[in-house]
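Overview (structure and organization)
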Amino acid sequence: MRSNKVNGPKAGGPRLLVMRTRRAARIAQFCRSIMSMSTRRILLAGIAFLGLGCAMGDVAPLVEKGREQIGVTTGYDPAYRKIGYPAGDVSMQTGVCSDVVVRAFRGLKIDLQKEVHDDMAKAFDQYPRKWGLKRPDANIDHRRVPNLMTYFERKGWSVALSKQATDFHADDVVAWDLGGGVTHIGIVSDRRSAVGTPLVVHNIGRGVQEADILFAYKIIGHYRPQFSIQQIGAANPPPPHR
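Residues numbered from 1 in each chain as written. Predicted model: local features only at pLDDT ≥ 70, side-chain atom pairs only at ≥ 80, totals over all residues. Heavy atoms only, no water.

**Digging into the overall build of the protein**
In terms of regular secondary structure, the protein is built from eight helices and five strands. Reading the protein from its N end, one meets helices and strands in the order α-α-α-α-α-α-α-β-β-β-β-β-α. Burial statistics for the protein: of 242 residues in total, 40% are counted as buried. The contacts of the protein with a sequence gap of at least 6 include a subset with a gap of at least 24, amounting to 62%. Carbon and sulfur atoms form 55% of the exposed surface of the protein, whose accessible area is close to 14300 Å². (Helix = DSSP H or I, 4+ residues; strand = E, 2+ residues; numbered from the N terminus. Buried < 20%, exposed > 50% of the residue type's maximum accessible area, 1.4 Å probe, protein only. Contact = heavy atoms within 4.5 Å. Areas by Shrake-Rupley, 256 points an atom, 1.4 Å probe, with all protein chains shown as cover.)

**Thoughts on the side chain of Arg 224**
Positionally, Arg 224 belongs in the loop between strand E5 (218-223) and helix H8 (229-235). A distance of 2.8 Å separates polar atoms of two side chains, one belonging to Arg 224 and the other to Asp 172. Setting aside residues no more than four positions away along its own chain, Arg 224 makes contact with Trp 157, Val 159, Asp 167, Phe 168, His 169 and Asp 172. (Polar contact = N/O pair within 3.5 Å; in protein donor to acceptor, adjacent residues only side chain to side chain.)

**Quick word on helix H5 (residues 97-107)**
Here H5 lies mainly inside the structure; 10 of its 11 residues are buried. Listed in full, the buried residues belonging to H5 are Cys 97, Ser 98, Asp 99, Val 100, Val 101, Val 102, Arg 103, Ala 104, Phe 105 and Arg 106. Buried residues along H5 sit in contact with helix H4 (61-67), helix H6 (112-122), helix H7 (145-154), strand E1 (173-179), strand E2 (182-192) and strand E3 (198-202). Within two residues after H5, Lys 109 carries a phi angle of roughly 65°, on the positive side.

**Side note on the environment of Tyr 127**
Here Tyr 127 is to be found in the loop between H6 and H7. Considered as a pair, Tyr 127 and Leu 148 are 21 residues apart in the sequence and their alpha carbons are 9.5 Å apart. Excluding residues within four positions of it along the chain, Tyr 127 makes contact with Val 116, Asp 119, Met 120, Asn 147, Thr 150, Tyr 151 and Arg 154. Within the structure, Tyr 127 has its side chain in polar contact with the side chain of Asp 119 (distance 2.5 Å).

**Some remarks on unusual backbone geometry**
The omega torsion across Tyr 85 and Pro 86 is -5°, close enough to zero to call that bond cis. Looking at the element boundaries, Pro 86 is found in the loop between H4 and H5. Here Lys 109, not a glycine, exhibits a phi torsion of approximately 65°, which is positive. Here Lys 109 shows up in the loop between H5 and H6. One non-glycine residue, Asp 171, lies in positive phi territory at about 85°. When you line up the elements, Asp 171 lands in the loop between H7 and E1. Its relative accessible area of 0% is what places Asp 171 among the buried residues.

**Some remarks on the sheet that holds E5**
Spatially, five strands are ordered E4-E3-E2-E1-E5 in an open sheet, and the strand pairing comes out antiparallel. Edge positions in the sheet fall to strand E4 (209-211) and E5, since each has one partner strand and no second. Across the sheet, the mean angle from the axis of one strand to that of its neighbour is 35°, orientation sign disregarded. Relative to E2, E1 runs antiparallel, the two being bridged by six bridges. (Pairing = 2+ DSSP bridges. Axes fitted to C-alpha atoms, helices over the stretch in contact; angles between N-to-C directions.)

**Overview of the side chain of Arg 144**
Tracing the backbone shows Arg 144 in the loop between H6 and H7. It is Asp 141 that comes nearest to the buried, bridge-free Arg 144 among opposite-charge side chains, at 4.3 Å. Among all residues touching Arg 144, those that are not within four sequence positions of it are Ser 98, Trp 131 and Leu 133. (Lys, Arg positive; Asp, Glu negative; His and termini not counted. Salt bridge = Lys/Arg side-chain N within 4 Å of Asp/Glu carboxyl O.)

Geometric values such as these leave the question of function open.
Have a look at this one:
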C-alpha cells in the first residue's frame with residue numbers, strides 16, 4: 001500500500017523557501033541599519049561597550065565641534081561684550097580665538113564660561129592679574145587665553161612643550177605667543193599637512209579656519225583635555241529609531 005505521507009523535505013519545500021526568504025530579509029534589514037550608521041557612531045559605540053576612555057588618535061570630538069564652526073564664524077571681534085551666564089556667547093558669526101575653543105567644549109556639554117568662572121571664584125589669586133580686575137567677570141574671563149591656559153593647567157591637562165609633530169594629538173589645545181603680548185589658542189586637528197604637521201582649527205582674524213599654523217608661532221601652552229564617554233555620548237546622541 002502506498003502511503004499518502006510524503007517525506008518532510010519534499011512536503012516542506014515551499015514553506016522552507018518562505019522561511020529562508022524571510023530570514024534573509026531580516027538579515028538584509030539588519031545589515032542596512034548597520035551600514036546607515038556613521039563610522040564615528042560605530043566607533044563610539046564600540047569604545048563605550050569596551051569601557052575604554054576617549055582614544056584621541058581615533059576619535060576627535062573637540063575637533064569635530066570646532067570644525068562645525070567653519071563657514072559659520074566668518075569674522076573676528078575682540079570687543080568686550082556683556083553676555084548671558086551660564087552658556088553666554090557673542091554672535092556665532094564673530095568672536096575671537098578663544099571662542100572657537102569655548103564653543104567646541106560647549107558642544108561637548110562642557111561650559112568653559114561657568115567652569116572658569118567657578119574656578120576663578122575659588123582661586124582668583126592663581127589667575128593672571130593682567131587686566132586690573134579685583135573679582136571674576138563672567139562676561140570675559142573665559143574668553144582670555146591666559147585664563148584658559150591657567151584653567152587647563154589647574155585641571156592637570158598640561159603636556160610638555162615640543163617641536164615634534166608626533167607629540168601632538170587630535171583634540172589637543174595649543175596656545176601661542178604671537179609677539180607684542182598677543183596670545184592665541186586653537187585646537188589640534190586630526191588632519192595633517194603634506195609634510196605631516198597636524199593642522200589647527202582656529203580663528204586668527206579671518207573667521208574659523210583649519211590651517212597649517214602649528215609651528216608658525218612660539219608655542220607657550222600644550223594641553224590634552226580628558227573627556228568621558230558620557231560627555232561624548234551626550235553631545236552626539238544616536239539617531240532616532242525608524
